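Now for the letters of each chain:
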Amino acid sequence: MYKIVRKENLNPTVTLMDIEAPLIAKKAQPGQFIILRVDENGERIPLTIAGYDRDKGTVTIIFQIVGATTELLNHKEQGESIHDFVGPLGTPTHTDGIHKACIIGGGVGCAIALPVAQKLKELGAEVHSIIGFRTKDLLILEKEFAACSDTLHVMTDDGSYGEKGNVCVPLNAALEAGERYDVVITIGPLVMMKFVCLATKPYEQKTIVSMNPIMVDGTGMCGGCRLTVGGTTKFACVDGPDFDGHEVDFDEAISRSRSYPAFEAHAREAACNLFKKEVQ
Amino acid sequence: MAKFNMNPKKNPMPSQLPYVRNRNFEEVELGYTEEMAIDEAKRCFGCKNHPCVSGCPVNIDIPAFVTKVAEGDFEGAYEIIHRSSSLPAVCGRVCPQETQCEGACTRNNMGEPVGIGRLERFVADWHNAHSTAAPILPPKNGHKVAVVGSGPSGLTCAGDLAKLGYEVTVYEALHLAGGVLVYGIPEFRLPKAIVQKEIDNLKALGVKIETNMVIGRVLTIEELKNEHGYDAIFIGSGAGLPMFMNIPGENLKGVFSANEFLTRSNLMKAYLPDSTTPIHRGRNVAVVGGGNVAMDAARTAKRLGAENVYIVYRRGMEELPARREEIKHAMEEGIIFKTLCNPVELLPAKTDDPKDPAFGSVAAMRCIRMELGEPDASGRRRPVAIAGSEFEMEVDCVIMSLGTSPNPLIKATTPGLETKKWGEIVADENGLTSIEGVYAGGDAVTGAATVILAMGAGKTAAAAIDKYIQSK
């Protein structure tokens, strides 16, 4: 059992938890993920690590309530425990030798982009961040990004906060003005990452994406997380989750992410009924 | 002892009827009664050179335990088996007896061999149902051993060392101990309660099991050795990496590795109606491959409600590598065998609408017919494609069961650990790797093989580890 030592609702649909897991906290690196099960008969879900405190022995996860398991997880309170928590899994984000980076986070993906931005800043790199949300109410981690970025664009689709538009707007402007980075690192919804890659491709601007496909074990055993990168099949759990965005077949990844729509909708509804809550 | 039973045939195994069982996940074979077991045991001649014992990878004293069964002393029989095997209830169910003990049985000269596997299973089940005696705990010898992986080789190694007084900790990557016994082999062939019972027996011996520990990530072999004070380490991390065919369409939705399909059903219990883990229930399912895992996947798909389940295998019926028993069971349950047939491409559903659930899903499999040519390096006749013989099968689920290779994680994080071409860890006949004090066995060394061979390797390594630590 793994204790929830802190819980904070960052916005109505996104929750932060610090989980007591000293061995994982000791080894975790930005870009890696954990797999958890909320209770004894729970589903295994992967979540990318949003932070860690090696001294306190805690690992931070930030998740959006999108399905049955995250719904159940969100109903656990500070002081309670979750059944299983395993990691750190996957290959850490490559940060060596980067002097100038553009970090682009979308929605809850910002939670995963943040430790990468922080680590790059710590290593002395110039960090330009763009974070995007649908609307003001969904904004998270603005202060934290501001603290580790040389420049920061906050975007909302509806213009209710920061600048209006998606993350590609300031990116395109910068690229057009001749700005180049050692790397663009983008983490967020598949569609957003796809469009960031389409934007950087004409400039041959190296772009790294963080994939979060369906997986079961997270150690290379099931192959459920496979995706096509540069024409060959890769397993996100062991070969990634970071990949060269210009090589990733996003359309296939988007299709594969919708493998169990009926089951997921039904499970979500059942979980919501359990808590007498309306399905959003 | 009463006189020999001269019946040329084994006592048949009571089983669920094929068209009942292919709709449920309960165990197919129900096991002998005491009377059946005694009657079957009396078929053993007690021949002088007992070839069965040399046919057994862990050298169980088979004639001795069979004699005890014939005498009705089932606990006595258990004690004999348990001296050599830590997991008799498992082996009685999943060993390929026809190529091991039973294949060597003298009674093959005049009919069927003694049903040694069925008797082993009976004895282990009888013990688990009747025995209440707590195990005798050996005095601790003050030495610590770490075991990586809780599959058959790891559990066997752990059990043997615990019996010798070692403090043993088993590290398991998944949330449940048992390795392939819980994620791979289905409930209807090996009930999970039986695996749990065997694991509980080990815990009663003092073995500690730490789940959710991916060695190589959270702790390395070096750290176990140098910082956690283990005198020796056994790596039994298995061969968990699934192989694919690398044909077009293999990443379509509805295409799975057998590992994924079986893990969802077995470990995650996705076959249960209230499961939190989804599983794809296909109507027309093709399982590509002909081993035991392919049979397990096909029979699971059938039980999940498929109308047609095909085994697609590039060689002929004779060459199927699965146990005869599994092939027989699969055929009885209505699995359709398409042998001498090899997939060349998987085709998507004909829709361009991304909102259509069928979008990006597999809808058909293009295959080519094969014929058998000259024997290849493995001694089996090499399958050769017949030009122009392509045809299409309508399928909405394809399960690739082509074998597995060892997980590279431990190799990648353990400097100095030598491995072979497919990542198999190099180990000598005692299981010693290229690093002092680090032993390995099971599929991690051999590549995908059987439960009993892994157990044999765990046993050998346990003896070698004991010798190594005692001589330090």
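Not measured: the values here are computed from a predicted model.

Engineer: An account of the domain arrangement of chain B is requested, with residue identities and associated values reported.
Structural biologist: All names here are of chain B. Taken as a whole, chain B is organised into domain 1 (18-130), domain 2 (144-240 + 405-470) and domain 3 (244-402). Placing a centre on the C-alpha atoms of domain 2 and another on those of domain 3 gives a separation of 31 Å. Taken together, the 13 residues of domain 2 in the interface contact 15 residues of domain 3. Buried surface at the junction of domain 2 and domain 3, both sides included, amounts to about 1100 Å², of which 55% is carbon and sulfur. When the buried area of domain 2 at its contact with domain 3 is split by residue, Tyr-183, Phe-188 and Arg-189 rank highest and sum to 50% of it.

Engineer: An account of the pattern of salt bridges is needed here, citing residue identities and associated values.
Structural biologist: All names here are of chain B. As enumerated under the stated definition, the model contains 36 salt bridges over all chains in all. For Lys-10, the salt bridge identified is with Glu-102, shortest N-O distance 2.7 Å. Of the two residues, Lys-10 sits in the segment before α1 (18-21) while Glu-102 sits in helix α7 (residues 101-104), which places them 92 residues apart along the sequence. Accessibility expressed as a relative area gives 17% for Lys-10, which makes it buried. Taken together, the salt bridges that share partners define one network made up of Arg-21, Arg-189, Asp-296, Arg-299, Arg-303, Arg-323, Glu-326, Lys-328, Glu-332 and Glu-333.

Engineer: I'd like a description of the nonpolar core, backed by residues and values.
Structural biologist: Ile-62, Phe-65, Val-69, Leu-119, Val-168 and Ile-465 of chain B are the most contacted members of the largest nonpolar core, which has 75 residues in total. Ranked by residues supplied to this core, first place goes to helix α18 (residues 451-471) of chain B with nine residues. The residue makeup of this core includes at least three contributed by each of domain 1 (18-130) and domain 2 (144-240 + 405-470) of chain B. Among the nonpolar cores identified, the runner-up in size contains 53 residues, and Ala-174 and Phe-243 of chain A together with Val-214 and Leu-409 of chain B belong to it.

Engineer: Residues and numbers for the packing of helix α5 (residues 74-84) of chain B against helix α8 (residues 116-130) of chain B, please.
Structural biologist: Residues and elements named next belong to chain B. Where α5 contacts α8, the two axes come as close as 9 Å, and the packing angle between them is 110°. Classified by the interaxial angle, the pair formed by α5 and α8 is roughly perpendicular. Of α8, the residues touching α5 (which contributes Phe-74, Glu-75, Ala-77, Tyr-78 and Ile-81) are Glu-120, Phe-122, Val-123, Ala-124, Trp-126 and His-127. For the contact of α5 with α8, the per-class residue count stands at eight nonpolar, one polar and two charged.

Calculation rules
- Residues numbered from 1 in each chain as written.
- Chains lettered and ligands numbered in written order.
- Predicted model: local features only at pLDDT ≥ 70, side-chain atom pairs only at ≥ 80, totals over all residues.
- Heavy atoms only, no water.
- Domains from an automatic or database assignment.
- Contact = heavy atoms within 4.5 Å.
- Buried area = accessible area lost by both parts, 1.4 Å probe.
- Salt bridge = Lys/Arg side-chain N within 4 Å of Asp/Glu carboxyl O.
- Helix = DSSP H or I, 4+ residues; strand = E, 2+ residues; numbered from the N terminus.
- Buried < 20%, exposed > 50% of the residue type's maximum accessible area, 1.4 Å probe, protein only.
- Core = buried A, V, L, I, M, F, W, Y, C linked by side-chain atoms within 4.5 Å.
- Axes fitted to C-alpha atoms, helices over the stretch in contact; angles between N-to-C directions.
- Parallel < 35°, antiparallel > 145°, perpendicular 65-115°, else oblique.
- Nonpolar A, V, L, I, M, F, W, Y, C, P; charged D, E, K, R; others polar.

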